[in-house]
Amino acid sequence: MPKSYYILILFLLAAFTVRAQKPVETKGYPVIIGRDTLFTFYTGQGLFEPAERAQVVTKRIEELVNRIDFNPDSLTLKNDTSISVISYNSQIILAVNNKDATFTELNRPQLAASYLVILKKKLGNYFSDSSTKQVVINILEAVAVVILLVILIWALNKGSRWVKLKTLKAWENRMDKLAAQGAPVAYAKRLLPVVTGLLRIGRFILIILLVYMALPVLFFIFPSSKPIAVQLLGYIVNPFKSIVLAIVHYIPNLLTIAVIYIVTRYIVKLVKFIANEIALGAITLSGFYPEWAMPTYNIIRVLLFAFMFVVIFPYLPGSDSKVFQGVTVFLGILFSLGSSSAISNMVSGIVLTYMRPYKIGDRIKVGDVIGDVVEKNLLVTRLRTIKNEDITIPNATILSGHTTNYSTVAKTMGLILNTTITIGYDVPWQTVHNLLISAAEATDGVLTEHKPFVLQTGLNDFNVAYQLNAYTALSNQMAVLYSRLHQNIQDKFNEAGVEIMSPNYFALRDGNHIQIPDGYVPEGYSKPGFKVEKS
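Every value quoted in this text rests on a predicted model; they were computed, and no experiment measured them. (Residues numbered from 1 in each chain as written. Predicted model: local features only at pLDDT ≥ 70, side-chain atom pairs only at ≥ 80, totals over all residues. Heavy atoms only, no water.)

1. Quick notes on the overall build of the protein
Per the secondary structure count, the protein includes 14 helices and 13 strands. Counting all 535 residues of the protein, 28% fall into the buried class. Across the protein, the fraction of contacts at a sequence separation of at least 24, relative to all contacts at a separation of at least 6, is 58%. Put simply, the protein shows about 35400 Å² of open surface, and 63% of that area lies on carbon and sulfur atoms. (Helix = DSSP H or I, 4+ residues; strand = E, 2+ residues; numbered from the N terminus. Buried < 20%, exposed > 50% of the residue type's maximum accessible area, 1.4 Å probe, protein only. Contact = heavy atoms within 4.5 Å. Areas by Shrake-Rupley, 256 points an atom, 1.4 Å probe, with all protein chains shown as cover.)

The structure is reproduced here in structure tokens:
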């Protein structure tokens, strides 16, 4: 083989060896803060790739410089056997490993020390921009923000004045129309200051919001006050964020509550439909009166909604809180202690409903009160007397006493009106009976199918007590019927010449005129002052 051939082979081998020993280029990932590259990572650290490592360190440094109390002198370096760590107040900022040193002419501790110097220098100058141009720009931006804020407040004041004038004009026009129609407008005029006051409060609130929103913008312009801007925004954003997250997390419970409410609502509607049918007579139940239908429906409705609240209580926000539970127990105790009389009346109202002692429109007597029932509920019963006096009586009082109902059998058997007169022994009882019965039959409103009757209720020392009993179906006209009946009794007895007086008045009447109108005076009584002669 020629010598030149061996030389060519050696040259190729040498070239290949030199090419194999040439280091492979590796891409670096910089850490940039404020448009300034602090250092570059070529290798990963732990589970982080170089790119991820650069991003994590950049984020940590940005969070560090956003702190109001940041002091670059608090950055420290700790060298270990295999790693060097730069930290700030026990918070790890970055770590330098041996692989990082292979890309420089420094060893690991020296490289870490250079990183610490860079951080202290760059971050120490982060808040101080020595550029006069940048300072002027920041000041101009702040002035622009202030001018814009002043313009917005001026526009808000102008707009609020325009709204106030429009409101006052519309209000006055409305008052004029109401006054022309004869409606009272004094109360509406008293409301006008309240409306204008609300408009003024709304304007103040909007101005405060504008100023508060402008402050973060101003603080964000200057690098040294950026942390304050972040905090001010956090005071608004964080609560709003918490509320939104709470609502989103509460949606499943809210759906559960909605389903429970809808089911309960339709059950209540079904019960109401059945109660209406029973009240109208379309459905009949043995032993269940139609007037019981609606009160029973109200009781069932209260029980259903109470059961619904018990079921949904665990799904309410804060129901598992000790404070929430304590407040509910406290309110329950207050309700129990403060509403004992109300609960007593409610229970009495339920009992009276199923006792059926009276209904709306009945003429009843409770104690000394006589009137028509105009309203009854779980708490009270209201009566209207013949003098148009509305009297409210607690149900517990009615239940603890006795009640007289004049209308229960008035339409069927008839209500018996009764009145008592005393007549002397000189008048035959048959005559008195006939006169009383004729007086009752002549009274409008007295039933003709039921014959009136008279009872002699007493033989007194000087007279006989006669009780007239007459039937009527008009229990709500008792006062008028009694008045008519008494008028007819007077007329009938006067026509018959029978004096409605007790004999003890006879003993004192010597020389007095007889107590009968002149047109009814019989023979023997024509001259006043004469002594009365008994037949």
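Let us keep going from here.
2. Examining a positive patch on the surface
On the surface, Arg 265, Lys 269, Lys 272 and Arg 301 cluster together to form a positively charged patch. Considering each element in turn, the positive patch owes the most residues, three residues, to helix 7 (residues 226-280). Within the secondary structure, Lys 272 sits in helix 7. (Patch = residues over 30% accessible without salt bridge, like charges linked within 9 Å, V, L, I, M, F, W, Y side chains within 5 Å. Salt bridge = Lys/Arg side-chain N within 4 Å of Asp/Glu carboxyl O. Lys, Arg positive; Asp, Glu negative; His and termini not counted. Charge placed at Lys NZ, Arg CZ, Asp CG, Glu CD.)

3. Considering the sheet that holds strand 13 (residues 464-472)
Across the sheet, three strands lie side by side as 11-13-12; this open sheet has antiparallel pairing. Whereas interior strands pair on both sides, the edge strands pair on one side only; in this sheet they are strand 11 (415-423) and strand 12 (453-459). Between one strand axis and the next, the sheet turns by 25° as a mean value, whatever way the strands run. Here strand 11 runs beside strand 13; their pairing, made up of nine bridges, is antiparallel. Considered in strand 13, the bridge of Ile 416 is made with Tyr 471. Contacting strand 11, strand 12 and strand 13, helix 12 (residues 429-441) crosses the sheet at an angle of about 30° to strand 13. Across the face of the sheet, helix 13 (residues 478-496) comes into contact with strand 11 and strand 13 while running at roughly 35° to strand 11. (Pairing = 2+ DSSP bridges. Axes fitted to C-alpha atoms, helices over the stretch in contact; angles between N-to-C directions.)

4. Describing the packing of aromatic side chains
What the rule picks out here adds up to eight aromatic pairs. Within the aromatic cluster, the residues linked to one another by ring pairs are Phe 288, Tyr 289, Trp 292 and Tyr 354. Of note, Arg 53 hangs over the ring of Phe 41, and the distance from its end group to the ring centre comes to 4.0 Å. Over the face of the ring belonging to Tyr 266 we find Lys 269, whose NZ or CZ atom lies 5.3 Å from the ring centre. (Phe/Tyr/Trp six-rings, centres within 6.5 Å; stacked < 30°, edge-to-face > 60°. Lys NZ or Arg CZ within 6 Å of the ring centre and 35° of its normal.)

5. Considerations on the UniProt feature "transmembrane region" (unreviewed entry) in the protein
In the numbering adopted here, UniProt assigns the feature "transmembrane region" (unreviewed entry) to residues 135-156, 204-222, 242-263, 295-316 and 328-355. Taken as a whole, residues 135-156 contains 100% helix and 0% strand, while its terminal C-alpha atoms sit 32 Å from one another. Span residues 295-316 is 82% helix and 0% strand, its end C-alpha atoms 31 Å apart. (UniProt positions renumbered as here; feature names shortened; annotations may be inferred.)

6. Things to note about the confidence of the model for the protein
Taken as a whole, the protein shows an average pLDDT of 80; of its residues, 83% reach a score of 70 or greater. In the predicted structure, residues 14-24 sits below a pLDDT of 50 and forms zero contacts with residues beyond four places in sequence or in another chain. For residues 526-535, every residue scores under 50 in pLDDT, and the model assigns this stretch 11 contacts once sequence neighbours within four places are set aside. (pLDDT = per-residue confidence, 0-100.)

7. Structural notes on the packing of helix 8 (residues 293-312) against helix 10 (residues 340-355)
One can describe the packing of helix 8 onto helix 10 by two numbers: an axis separation of 10 Å at closest approach and a directional angle of 145°. Two packed elements cross with a definite hand, and for helix 8 against helix 10 that hand is left-handed. Taken together, the residues of helix 10 that come into contact with helix 8 (itself represented by Pro 295, Thr 296 and Ile 299) are Ile 350, Thr 353 and Tyr 354. Of the residues contributing to the contact of helix 8 with helix 10, the split by class is four nonpolar, two polar and no charged. (Left-handed = near helix turned anticlockwise from the far one by under 90°. Nonpolar A, V, L, I, M, F, W, Y, C, P; charged D, E, K, R; others polar.)

8. Here we look at unusual backbone geometry
Most of the time, phi is negative for any residue but glycine, and the peptide bond is trans. The backbone phi angle of Asn 89 is positive, close to 55°, even though this residue is not glycine. If you trace the backbone, Asn 89 turns up in the loop between strand 4 (83-88) and strand 5 (91-97). Taking the relative accessible area as the measure of exposure, Asn 89 reaches 48% and is therefore partly exposed. If you check the backbone angles, Ser 90 has positive phi at about 70° while not being a glycine.

9. Comments concerning helix 10
For helix 10, which comprises 16 residues, the first-to-last C-alpha distance of 22 Å matches the rise-based estimate of 22 Å (1.5 Å per residue) to within 8%. Inspection of helix 10 places Asn 345, Ser 348, Gly 349, Leu 352 and Thr 353 among the buried residues, and these make up the whole buried set. Along helix 10, the residues classed as buried sweep out an arc of 140° about the axis, all on the same side. Contact partners of the buried residues in helix 10: helix 8, strand 9 (390-394) and helix 11 (395-400). Taken from the residues just after helix 10, Arg 356 is the one with a positive phi, measuring 55°. (Expected span 1.5 Å × (residues − 1). Arc of directions from axis to C-beta.)

10. Some remarks on the pattern of salt bridges
As enumerated under the stated definition, the model contains seven salt bridges in all. Arg 53 serves as the salt-bridge partner of Asp 100, at 2.8 Å between the closest nitrogen and oxygen. Residue Asp 100 is located in helix 3 (residues 98-101), and its partner Arg 53 is located in helix 2 (residues 50-65); the two are separated by 47 residues in the primary sequence. The exposure classification of Asp 100 matches that of Arg 53, with both residues buried. Residue Arg 384 pairs with Asp 390 through a salt bridge whose shortest N-O separation is 2.7 Å.

11. Details of the pairing of strand 7 (residues 369-376)
Relative to strand 7, strand 6 (residues 363-366) runs antiparallel, the two being bridged by four bridges. Each residue of the ladder has a partner; that of Lys 365, found in strand 7, is Ile 370. Where strand 6 folds back on strand 7, the antiparallel hairpin that results is connected by two residues, among which Gly 367 adopts a positive phi of roughly 65°. Between the end of strand 7 and the start of strand 8 (residues 380-384), which pair antiparallel, lie three residues.

12. Looking at the sheet that holds strand 9
Read from one edge to the other, the open sheet built from five strands follows the order 9-8-7-6-10, with strand pairing classed as antiparallel. Each end of this open sheet is capped by a strand with a single partner; those strands are strand 9 and strand 10 (403-405). Ignoring strand direction, the axes of neighbouring strands in this sheet form an average angle of 40°. Here strand 6 pairs with strand 10 via three bridges, running antiparallel. Looking across to strand 10, one finds that Ile 364 is bridged to Asn 405.

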